[in-house]
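Next come the chains, spelled out residue by residue.
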Amino acid sequence: GINAEYGPQNAKKTMTTPNNGPDPSTWKHVSIFLKGNFAPVVAEHDRQAAEVVSGEVPRCLFGAAYARNGPNPHFEPPGKHHWFDGDGMIHAIYFEEDGSVSYANKYVRTESWLEENKRGSAYFLGIADLGTVYGMANMFLDGVRGLFGTPKVYNKVASNTSLIYHDKRLLALVENGVPHHVAASTLESFGAFDYDGKLTQRAA
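This write-up is about the structure you can find in this document.

What counts and what doesn't
Residues numbered from 1 in each chain as written. Predicted model: local features only at pLDDT ≥ 70, side-chain atom pairs only at ≥ 80, totals over all residues. Heavy atoms only, no water. Phe/Tyr/Trp six-rings, centres within 6.5 Å; stacked < 30°, edge-to-face > 60°. Helix = DSSP H or I, 4+ residues; strand = E, 2+ residues; numbered from the N terminus. Lys NZ or Arg CZ within 6 Å of the ring centre and 35° of its normal. Pairing = 2+ DSSP bridges. Axes fitted to C-alpha atoms, helices over the stretch in contact; angles between N-to-C directions. Buried < 20%, exposed > 50% of the residue type's maximum accessible area, 1.4 Å probe, protein only.

Observations concerning the packing of aromatic side chains
And then number 1: Scanning the entire structure with this criterion turns up seven aromatic pairs.
And then number 2: Relative to F38, the ring of F33 lies with its centre 5.3 Å away and its plane at 80 degrees, an arrangement referred to as edge-to-face.
And then number 3: Considering the side-chain rings of F33 and W83, the 6.4 Å spacing of their centres and the 5 degrees angle between planes classify their relative orientation as stacked. Placement of F33 in the segment before β1 (45-50) and of W83 in the loop between β2 (65-71) and β3 (88-95) is noted, with a sequence separation of 50 residues between them.
And then number 4: Between the NZ or CZ atom of R47 and the centre of the ring of Y94, over which it lies, the distance is 3.9 Å.
And then number 5: Residue placement shows R119 over the ring face of Y123; its charged tip is 3.9 Å from the ring centre.

See below:
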């Protein structure tokens, strides 16, 4: 089960305490993908008891869990914004062995997420910026940034597309990067996971 999962491949966990990002209601961005049902949920929660409103959990689910991954911006985007640009956030419901239920949610701590968190603001551009003069200029400047070891603004890995549970590891996937290992029982991030170099293709 999820409590018998493997630890990190070659890294220590990168999440220790819940993070509460800037309040999205204060953002001035006009993208429809930041409003209504698309509005970000920036507050994180450690695994905690949840109320069963009615009925009871089927015994066949005891000890199991349901988790979903999706884009959820941590900071107000610097340029245009598309739904696919948001940082990966995992929400999980745990069906405990005694029939109770608990809940947790955490951002996937990719290198891109850690970079922006360190800066205290969004840094990477997204899909919708590609067709703008600003975006094309930054694409050119990315070549210069690479020479100086500065992160490229078009190199964000959000790990926001899907999840798989393989060989006792929960893996967050995205099309432009390798899987990111997350602890299924706590949603703590352990970093990129490439099966000790054996995974050579990106997949989501």
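From this point, the narrative continues.
Observations regarding the sheet that holds strand β5 (residues 162-166)
And then number 1: Strand order in the open sheet made by the four strands is β5-β6-β7-β8, with antiparallel pairing throughout. Every other strand in the sheet has two partners, leaving β5 and β8 (189-192) as the edge strands with one partner each. Between one strand and the next, the sheet's axes are offset by a mean angle of 25 degrees, whatever the strand orientation.

Concerning the environment of K35
And then number 1: Following the sequence through the fold, K35 ends up in the segment before β1.
And then number 2: With relative accessibility at 43%, the residue K35 sits in the partly exposed group.
And then number 3: Each C-alpha atom of the pair K35 and P24 lies 9.0 Å from the other, and the pair is 11 residues apart in sequence.

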